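Chain residues, written in single-letter form:
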Amino acid sequence: MNRIPVLVPIVVSAVFHYLGPALAVLLFAHIAAPGVLWLRIASAALVFAAWRRAWVRSRATLALGVVLAAMNTVFYLAIARLPLATVGAIEFLGVIALAAAGVRTRRNAAALGFAVAGVAALTEVRLAGEPLGFVFAFANCALFMAYIAIGHRIAADGDGIDRLAGAMLVAAVVAAPFGLPAAAPAFAHPVWLAAGIGVGVCSSVVPYVADQLVMARVRRSTFALLLSALPASATVIGLVVLGQLPTWRDLLGIGLVAAGLALHQERAEPSEHPGRGTAAVEPDGYRRGQT
């Protein structure tokens, strides 16, 4: 897997990250948001259980499961009250903070600047809305930072996907009291249930697995910077799938994000992961292994 450029799983994650909500929208007319949320998490947990050794064998795995359940819950509650762009912009405040923490050179500082400017151009923030919606949005921001931190920790041990599988089982149990009653109508409608499974695969299996593949190869701050590609990918998907023509502002944002990703360079510094040696670095700046 280390021969695959890091941007490949990032793009895969971005594509499926936005296909999932598209399927979820179809369900909102029939099932309340908490029910769709639980179908998403539970179906992902079943897929992981059938595919991997879904063990809950550490506090990090347990913590990640709780974070996944809480993060997805507050995200759905936030987008039910605020525009998706607003929630996404608030979420990226945490991502930017993590990326800024890893700036070591002028080149990477410039890369971060381009990425931040690109996200700002792509994301139109509306400051009007329900106060409770902003509470949920900022809670999602904090939990997303926790997801990145704990995700990197389990990726460091070399069995991150197995531990992610265990965490998803924990998340399904934690979210059940809140979401299972609302999801009950889906069990009487096979099409709704199939759509819920599709949401789970697109939103909670493919993106999180792709994240683990990237987290195992790059620093936490680099991963945060790579996530700036998500708003750009949403614009591209909107054009290709939905026929939504991008504005000049969208094109400017995509160009700035691309410039930031191209400019950033991972340095051959001691790993952030405990117990691992200094990482070797490819010419493109990404890790290819450990010494």
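Owing to the predicted nature of the structure, the values given are computational and were not obtained by experimental measurement.

**What about the environment of Phe223?**
Here's step 1: Relative to the helices and strands, Phe223 resides in helix 9 (residues 220-226).
Here's step 2: Looking at Phe223, the relative accessible area reads 0%, which means it is buried.
Here's step 3: Considered as a pair, Phe223 and Val95 are 128 residues apart in the sequence and their alpha carbons are 9.0 Å apart.
Here's step 4: Discounting chain neighbours no more than four positions away, the residues touching Phe223 are Ile10, Ile148, His152, Asp211, Val214, Met215 and Val218.

**Brief notes about helix 8 (residues 190-215)**
Here's step 1: If you check helix 8, its first and last C-alpha atoms are 36 Å apart, about what 26 residues at 1.5 Å a residue would give, namely 38 Å.
Here's step 2: Along its length, helix 8 reaches its greatest deviation from straightness, about 30 degrees, at Val201.

**Points about the confidence of the model for the protein chain**
Here's step 1: Overall, the predicted model of the protein chain reaches an average pLDDT of 76, with 71% of residues at or above 70.
Here's step 2: Segment residues 268-291 is flagged for pLDDT under 50; beyond a separation of four residues in sequence, or across chains, it makes 52 contacts in the model.

**Thoughts on the side chain of Thr61**
Here's step 1: Position of Thr61 among the secondary structure elements: in helix 3 (residues 59-79).
Here's step 2: Its relative accessible area of 0% is what places Thr61 among the buried residues.
Here's step 3: Separated by 3.4 Å, the side chains of Thr61 and Arg163 make a polar contact.
Here's step 4: When near neighbours in sequence (up to four residues on either side) are disregarded, Thr61 contacts Trp55, Val56, Arg163, Gly166 and Ala167.

**A few points about the environment of Ala109**
Here's step 1: Structurally, Ala109 is set in helix 5 (residues 106-122).
Here's step 2: Taking relative accessible area as the criterion, Ala109 reaches 37% and is therefore assigned partly exposed.
Here's step 3: Separated by 10 residues in sequence, Ala109 and Ala99 have C-alpha atoms that sit 9.4 Å apart.

**Things to note about a nonpolar patch on the surface**
Here's step 1: A cluster of nonpolar side chains, Leu7, Val11, Val15 and Leu19, forms an exposed patch at the surface whose accessible area comes to about 270 Å².
Here's step 2: You can see Leu7 is positioned in helix 1 (residues 7-28).

**With respect to the packing of aromatic side chains**
Here's step 1: Using the criterion set out here, one finds three aromatic pairs in the structure.
Here's step 2: Where Phe48 meets Trp51, the ring centres are 6.1 Å apart and the plane angle is 20 degrees; that geometry is what we call stacked. Remark: Trp51 and Phe48 occur in helix 2 (residues 33-51); sequence separation between them is three residues, near one turn of the helix.
Here's step 3: Trp51 gets classed as partly exposed once you look at its relative accessible area, which sits at 44%.
Here's step 4: An angle of 50 degrees between the planes, with centres 5.4 Å apart, marks the rings of Tyr147 and Tyr208 as tilted. Separated by 61 residues along the polypeptide, Tyr147 in helix 6 (residues 131-155) and Tyr208 in helix 8 bring together distant segments of the chain.

**Observations regarding the nonpolar core**
Here's step 1: Counting residues in each nonpolar core, the largest one holds 69 residues, and the members touching the most others are Leu64, Leu68, Tyr147, Met168 and Phe223.
Here's step 2: Here Leu64 is in contact with Tyr147, Ile150, Ile154, Leu164 and Ala167, once residues within four sequence places are set aside.

**Details of the packing of helix 2 against helix 3**
Here's step 1: Taken N-terminus to C-terminus, the directions of helix 2 and helix 3 make an angle of 145 degrees; their axes are 10 Å apart at the nearest point. Judged by the twist between their axes, the crossing of helix 2 over helix 3 is right-handed. Of the residues in helix 3, those in contact with Ala33, Val36, Leu37, Arg40 and Ile41 of helix 2 are Ala69, Asn72, Thr73 and Tyr76.
Here's step 2: Considering only residue class, the contact of helix 2 with helix 3 consists of six nonpolar, two polar and one charged.

About the thresholds
Residues numbered from 1 in each chain as written. Predicted model: local features only at pLDDT ≥ 70, side-chain atom pairs only at ≥ 80, totals over all residues. Heavy atoms only, no water. Helix = DSSP H or I, 4+ residues; strand = E, 2+ residues; numbered from the N terminus. Buried < 20%, exposed > 50% of the residue type's maximum accessible area, 1.4 Å probe, protein only. Contact = heavy atoms within 4.5 Å. Expected span 1.5 Å × (residues − 1). Bend = angle between axes of the 7 residues up to and from the residue. pLDDT = per-residue confidence, 0-100. Polar contact = N/O pair within 3.5 Å; in protein donor to acceptor, adjacent residues only side chain to side chain. Patch = residues over 30% accessible without salt bridge, like charges linked within 9 Å, V, L, I, M, F, W, Y side chains within 5 Å. Areas by Shrake-Rupley, 256 points an atom, 1.4 Å probe, with all protein chains shown as cover. Salt bridge = Lys/Arg side-chain N within 4 Å of Asp/Glu carboxyl O. Phe/Tyr/Trp six-rings, centres within 6.5 Å; stacked < 30°, edge-to-face > 60°. Core = buried A, V, L, I, M, F, W, Y, C linked by side-chain atoms within 4.5 Å. Axes fitted to C-alpha atoms, helices over the stretch in contact; angles between N-to-C directions. Left-handed = near helix turned anticlockwise from the far one by under 90°. Nonpolar A, V, L, I, M, F, W, Y, C, P; charged D, E, K, R; others polar.

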